Structures are given as structure tokens and as C-alpha cells.
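# Structure at a glance
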Amino acid sequence: MKASIDLAAYAAQRLDALPDVSLVHQPQLGVVLFRRTGWGSQQWATWARKLLADGVAFVAPTNWKGEPVGRLVFLHPQTSLAVVDEVLATLADLYLAQGKTKEALAMLDTADKNDNSVKFVLAKARIANNEPSQARPFLDQLINQDNQNAEYYFQRGLCWYQERNWSNAQDDFASSLKYNADQMDAVYYTGVSLLKQGKSEEAQNSFKELSQNANKSIAAKGLYGMAMAFDADRKLEAVENYANKSIAAKENPEALTLLGRTYLRQRKAPQAEKPLKRALELSPRDPSVIAAVSEMEMAQGRKTDAVGRITKALQDFPNSCDVQLGAAKINFLAGNFDKSWEGGLQAIGNCPDDPGGYFFLGLTSDHKGNKKEAKRFFGEFVKHGGDSANVPEEYR
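Residues numbered from 1 in each chain as written. Predicted model: local features only at pLDDT ≥ 70, side-chain atom pairs only at ≥ 80, totals over all residues. Heavy atoms only, no water.

### Examining the nonpolar core
Core analysis: the largest hydrophobic core is formed by 88 residues, its most contacted members being Leu 15, Val 32, Phe 34, Trp 47 and Leu 72. With residues up to four places along the chain from it excluded, the contact list for Trp 47 reads Phe 34, Trp 39, Val 59, Val 87, Thr 90, Leu 91 and Leu 94. If you look at the next biggest cluster of nonpolar residues, it comprises 14 residues, including Ala 328, Ile 348, Leu 361 and Phe 381. (Core = buried A, V, L, I, M, F, W, Y, C linked by side-chain atoms within 4.5 Å. Buried < 20%, exposed > 50% of the residue type's maximum accessible area, 1.4 Å probe, protein only. Contact = heavy atoms within 4.5 Å.)

As C-alpha cells, this is what we get:
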């Protein structure tokens, strides 16, 4: 009985420290009752079914004075503390699904990192927080233990993707599809990885497959992928067309951001405002969305807002290529040439295959009168896929 009481006390302590979770009362014997803000009977039942289906635990929701609550019961004396952490990891996974990355990381901070369920959810949280180098070791360990798990390969593919290692990402997405042919996200990221390697035609084959899916969310991703492929080919009218089709299939921040950026490239700042504001509403902590909104503010002549937003984004997302490139561009346009130079250097260090950083280093060098250095950077810009038409005529 003492073991059950100790387990219940540990579970209560862990639960009481979580955001949006509170104890109904202190544990009695081996029973813990707790509530989660916003959850009714349906949410508790869904969570309980998932725990049972995953073989984690049998958690029976109950009612306390008419209020649906969660109930953990500890009876077996050999139940380990790791089981409690495994149950809590599933709650952390739910936070991730709601975009609450920091809350999920806080929840897992003191969990048993030797537990595979904890490892996996922690890896996903690190990826969501744009920390792939901290996520990949967990996934390497998991794949070594189970080398036919499609989801492990997919998440590790996302690590490589965030690190812009497109070839390794493509390989892991292929492995994910080998063990689960219905992993549509792996099809999507395979297409993007191919696109990043300059294989536009192959990428479009992946995106076309998705765009024809009966599921609107999947079709929206495929249509967005097609928009990206045309963006790589600099066919702006086709980009606008497919981005709008993607949004029509299912509103998503990625297509909204691309549509807004396309309007900005066409010097249509007033038209860019609506999709970019909506993208920010849907995904307020997405670095690419924040960078695009900053560019829109700059195009509208709101220099103070634009510089302030991108400066804060650099603090919040110091390793984001989108933010670094945005900082280089916005600071150059604002006349902050030293900061533009700094942003460009960060960008080519973190994202050496993206032409944007070289472009703004070239512009900054030209502004400072260093023609030789400007010519070198503009050469790198074109070498890495930048449009030579954007290069000042004297450097072509």
C-alpha cells in the first residue's frame, strides 16, 4: 500500500505543476483526481482511449460533483515512476498539438529521459521549438531500438529538414514511407526536400499526388507545394493561383504567407496585408510568418514597426533562417547597414545554400563602396540560385 501511496503522491506533484492542470484534492491512498482547463467528458474519453490503445495505461475518467475529471489509480506495487512520466508525456503531446511548445517542454523537464515515450515526445517538442540538434539524439536512440517505426524516421527527417540537410531528410522521409505508405506528411516533405535540391519536376510529382487527395487538409498541402514549385521557377501568377487554391481547400498559414510574399514581390503591399495578418493570427510564433509581416510593414512605410518586430524575432528565434534573412533585408531598407551586414553573415552561416544572405551582403558592400567584395557576394547569390536580374547591372 505504501508503494501505491508514494506513486500517487509523485503523480499529484507532477500534475499540480502543469499549466492548465489542477488537483481536485490531495491524493487519497492510491487515487489521484485532477482536472484540465477546457476539458469535458469527450476530451477525457478521447485521451483515455489513446492511452489504452498505445498500451500506456488504463485511465478511467470520472465525475466529481458533476464535473468530468481524470482519475489515476495505482494498485500494483511494482508500478514504476516511469509509468507516471509516460502518462504525462501523452499530455505533453496534446500541448504540442495545440501549439503550446513551451508548456510541453516544461512538462517534460523533470520526466524520466530513459523512457521511450518521453524521449519521443521530447524530441517532437524540441523540433517544434526549432532545436533539431537536441531532438535528433533521442530519435537516433529510438531508431536503433526499432528500425521499422515510420514515425521515428519522419521526425528525424524533420530534424534534417530544419538543419537544411535536404538529402538526409529525403532519405528519412523515404524510410518513413517504406514502413507506412499512408504517411502523407512524409510525401509532402519529400517534395519540399526535392525542391530544395533543385529537382522541381520530381517535387511536383509528390505535390500532385497530395493535391488529388480526398482529404482537404492533405490536398491543401499538395496545392501549397505546387505553389512553392512555381515560386522556385519564378512564375508568380501560378504561385498566386495555387496558393489561393490551397487556402480554398483549407486555410493554412503557409499558403497565406506565400501569397502575401508574392503580392509583396509584385509591389502590391495593400493586397499582402490581408493574407499575412490572417497567417499571423493562425500561427503567431511561426518565424517565417513573423518575417513576412515585418517585410509587409516595411513596404507600407511602417519602418519602426518592421524593425521592432524583426529585432524581437531575432531574440526569440536566433537560429531561424527566415528571420535572419528578414533582418538583413529590413535593416538594409531602414538604413541600418551594420545590422543588415550582421544579419546577412548570420544567414549565410546558418543557411549557406539560401541565396538571400549573399544578396544583402552584396548590397551592403556596395553601399560601403567595397566593389570587389560586392561583386563576390553577388556572384555567390547567383551561384546559389538567385535571379541574376536582381543584381545591380554593374555587377552582372
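### Some words on the layout of surface pockets
In this model, the second largest pocket occupies a volume close to 280 Å³. Breaking the lining of the second largest pocket down by element, the ones donating at least two residues are α3 (81-97), α5 (116-128) and α7 (150-162). With 5 residues, α5 is the largest single contributor of residues to the lining of the second largest pocket. (1 Å grid on protein atoms, 1.4 Å probe; cavity = no way out; pocket = protein on both sides within 12 Å on 5 of 7 lines; lining within 4 Å. Points joined across faces, edges and corners; volume = space filled by probe spheres on them. Helix = DSSP H or I, 4+ residues; strand = E, 2+ residues; numbered from the N terminus.)

### What about the state of the cysteines?
Taken as a whole, this structure holds 1 disulfide when the rule is applied. Here Cys 321 pairs with Cys 351 through a disulfide, and the sulfurs are 1.8 Å apart. Looking along the S-S bond of the Cys 321-Cys 351 disulfide, the torsion reads about -110°, which is the left-handed sense. Taken as a pair, Cys 321 in helix α17 (residues 321-333) and Cys 351 in the loop between α18 (337-350) and α19 (355-367) lie far apart in primary sequence, 30 residues in all. The class for Cys 351 is buried, based on a relative accessible area of 1%. Free of any disulfide, Cys 159 has its nearest neighbouring cysteine sulfur in Cys 321, separated by 15 Å. (Disulfide = S-S within 2.5 Å.)

### What to know about the pairing of strand β4 (residues 67-73)
Where strand β2 (residues 31-36) and β4 come together, 4 bridges link them in antiparallel fashion. For Val 31, the partnering residue across the bridge sits in β4 and is Val 73. Strand direction decides the pairing type here: strand β3 (residues 62-64) and β4, joined by 3 bridges, are antiparallel. Pairing of Thr 62 across the sheet is with Val 69, part of β4. Adjacent in sequence and paired antiparallel, β3 and β4 are bridged by 2 residues, among which Lys 65 carries a positive phi angle near 55°. (Pairing = 2+ DSSP bridges.)

### Points about the side chain of Ser 320
With respect to the helices and strands, the residue Ser 320 is situated in the loop between α16 (303-316) and α17. Looking at Ser 320, its side chain comes within polar contact range of the main-chain nitrogen of Asp 322, at 3.4 Å. Separated by 3.2 Å, the side chain of Ser 320 and the backbone nitrogen of Val 323 make a polar contact. Setting aside its immediate chain neighbours within four residues, Ser 320 contacts Asn 130, Pro 287 and Asn 350. (Polar contact = N/O pair within 3.5 Å; in protein donor to acceptor, adjacent residues only side chain to side chain.)

### So, the packing of aromatic side chains
Per the stated rule, a full pass over the model turns up 23 aromatic pairs. When the ring of Tyr 188 is compared with that of Tyr 189, the centres are 5.0 Å apart and the planes differ by 80°; the resulting orientation is edge-to-face. Residue Tyr 188 is classed as buried on the basis of its relative accessible area, which comes to 6%. Every member of this aromatic cluster is reached through a ring pair, and the members are Phe 154, Tyr 161, Trp 166, Phe 173, Tyr 188, Tyr 189, Phe 207 and Tyr 224. Stacked on the ring of Trp 341, the Lys or Arg Lys 368 has its end atom at 5.2 Å from the ring centre. (Phe/Tyr/Trp six-rings, centres within 6.5 Å; stacked < 30°, edge-to-face > 60°. Lys NZ or Arg CZ within 6 Å of the ring centre and 35° of its normal.)

### Quick notes on the pattern of salt bridges
Overall, the coordinates contain 23 salt bridges when judged by the stated rule. As a salt-bridge pair, Arg 136 and Glu 163 come within 2.6 Å of each other at their nearest N and O atoms. You can see Arg 136 sitting in helix α6 (residues 132-145) and its partner Glu 163 sitting in the loop between α7 and α8 (166-179), a full 27 residues away along the chain. For Arg 136, a relative accessible area of 18% corresponds to the buried category. In this structure Glu 163 comes out as partly exposed when scored by relative accessible area, which is 32%. (Salt bridge = Lys/Arg side-chain N within 4 Å of Asp/Glu carboxyl O.)

### Regarding the packing of α6 against α7
At a closest axis distance of 9 Å, the pairing of α6 and α7 adopts a crossing angle of 150°. Comparing the axis directions of α6 and α7 gives the class roughly antiparallel. The chirality of how α6 crosses α7 is left-handed. Each of Pro 132, Ala 135, Arg 136, Leu 139, Asp 140, Leu 142 and Ile 143 in α6 lies in contact with α7, whose residues at this interface are Tyr 152, Tyr 153, Gln 155, Arg 156, Cys 159, Trp 160 and Gln 162. When the residues that make up the contact of α6 with α7 are grouped by side-chain class, the tally is 9 nonpolar, 2 polar and 3 charged. (Axes fitted to C-alpha atoms, helices over the stretch in contact; angles between N-to-C directions. Parallel < 35°, antiparallel > 145°, perpendicular 65-115°, else oblique. Left-handed = near helix turned anticlockwise from the far one by under 90°. Nonpolar A, V, L, I, M, F, W, Y, C, P; charged D, E, K, R; others polar.)

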